[in-house]
Amino acid sequence: MSRAFTPPESLSQENIRTIADVRRSIWTSGFQGIVLGSAGGYFLHSLARFVHNRLPDTSKLKITAPGAIPIRFTRNTAWLSVMAGGGGGAV
């Protein structure tokens with residue numbers, strides 16, 4: 001087995017347990033952030049699509065992306081929202 005998996009002799013059992021608890025906490029919090037951030041990103045995308053569909057056409061023409069490209073809500077923008085939310089939630 002590698003030396004990386006064997007704690008040094010200078011650490012007590014309590015210190016080893018504390019290090020393991022900190023590692024576990026970091027990993028579980030990171031995964032919770034990814035899951036909740038992804039769900040939040042999809043929710044915000046769905047909310048933005050709902051609001052955009054309720055707007056009159058004159059207001060939709062004023063909301064454009066850079067380069068005067070009208071905004072369309074597709075599964076690509078949904079995936080982007082999920083990935084951006086997951087990345088932001090994991091931080």
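In this text the structure is predicted, and so the values were computed from the model without any measurement. Throughout this description, residue numbers start from 1 for each chain and increase along the sequence as written. Only residues with pLDDT of at least 70 get local features here, since the model is predicted, and only at 80 or more are side-chain atom pairs given and counted; chain-wide, interface and lining totals rely on the full set of residues. Here the side-chain values reflect all heavy atoms present in the structure, with hydrogen atoms and water set aside.

Structural notes on helix α1 (residues 13–54)
Step number 1: For α1, built from 42 residues, the straight-helix expectation of 62 Å at 1.5 Å per residue is met to within 8% by its first-to-last C-alpha distance of 61 Å.
Step number 2: Burial in α1 covers these residues: Gly 30, Gly 33, Gly 37, Ser 38, Gly 41, His 45 and His 52. Numbering of helices and strands runs from the N terminus; a helix is a DSSP stretch of H or I covering at least four residues, while a strand is a stretch of E covering at least two. To estimate the expected span of a helix, subtract one from its residue number and multiply by 1.5 Å. For every residue, the accessible area (1.4 Å probe, protein chains only) is compared with the maximum for its type, and the residue is labelled buried under 20%, exposed over 50%, or partly exposed between those bounds.

Some points on the pattern of salt bridges
Pairs may arise between side chains of opposite charge once their charged atoms sit close together.
Step number 1: Counted as salt bridges are all cases of a side-chain nitrogen of Lys or Arg within 4 Å of a carboxyl oxygen of Asp or Glu. This model, assessed by the stated rule, comprises one salt bridge.
Step number 2: Notably, a salt bridge pairs Arg 24 with Asp 21, separated by 2.7 Å at the nearest N-O pair. Taken together, the residues span about one helical turn, with Arg 24 and Asp 21 both in helix α1 at a distance of three residues.
Step number 3: What makes Asp 21 partly exposed here is its relative accessible area of 38%.

Describing the packing of α1 against helix α3 (residues 75–89)
Step number 1: Where helices are involved, their axes are fitted lines through C-alpha atoms of the stretch in contact, as for all axes, and angles between N-to-C directions lie from 0 to 180°. For the pair α1 and α3, interaxial distance at closest approach is 6 Å and the crossing angle is 145°. For the element pair α1 and α3, the recorded crossing hand is right-handed. Counting all contacts with α1, which are made through Gly 33, Ile 34, Gly 37, Ser 38, Gly 41, Tyr 42 and His 45, the residues of α3 involved are Thr 77, Ala 78, Ser 81, Val 82, Gly 85, Gly 86 and Gly 89.
Step number 2: Under this grouping Gly is polar, as are all residues other than the nonpolar Ala, Val, Leu, Ile, Met, Phe, Trp, Tyr, Cys and Pro and the charged Asp, Glu, Lys and Arg. Residue composition of the contact of α1 with α3, grouped by class: four nonpolar, 10 polar and no charged. Note: crossing handedness is left-handed where the near helix turns anticlockwise from the far helix by less than a right angle, and right-handed where it turns clockwise. Residue contacts are defined here by distance: any two heavy atoms, one from each residue, within 4.5 Å place the two residues in contact.

Examining α3
Since one α-helical turn is 3.6 residues long, residues separated by three or four positions face the same way.
Step number 1: Compared with an ideal rise of 1.5 Å per residue, which puts 15 residues at 21 Å, α3 spans 21 Å between its outermost C-alpha atoms and is within 8% of the ideal.
Step number 2: For α3, every residue scored as buried is listed here: Ala 78, Ser 81, Val 82, Gly 85 and Gly 86. With its buried residues spanning 125° around the axis, α3 presents them on a single face. Exposed and facing more than 90 degrees away from the buried side of α3 are Asn 76, Trp 79 and Leu 80.
Step number 3: On the buried face of α3, the contacting elements are α1.
Step number 4: Polar contacts here mean pairs of N or O atoms no more than 3.5 Å apart (in protein, one a potential hydrogen donor and the other a potential acceptor; neighbouring residues in sequence count only if both atoms are side-chain atoms). The backbone nitrogen of Asn 76 lies 3.2 Å from a side-chain oxygen of the residue at the head of α3, namely Thr 74. In this description, one arc is meant: the one made by directions from the helix axis to the C-beta atoms.

Section: the packing of aromatic side chains
In this description, a pair of aromatic rings is defined by centroid distance and the angle of the planes.
Step number 1: When two rings of Phe, Tyr or Trp (its six-membered ring) have centres within 6.5 Å they constitute a pair, described as stacked for plane angles under 30 degrees, edge-to-face for angles over 60, and tilted for the intermediate range. Applying the stated rule across the entire model yields one aromatic pair.
Step number 2: Judged by centre distance (5.9 Å) and plane angle (25°), the ring pair of Trp 27 and Phe 31 falls under stacked. Note that Trp 27 and Phe 31 are positioned in helix α1 at a spacing of four residues, about one turn of the helix.

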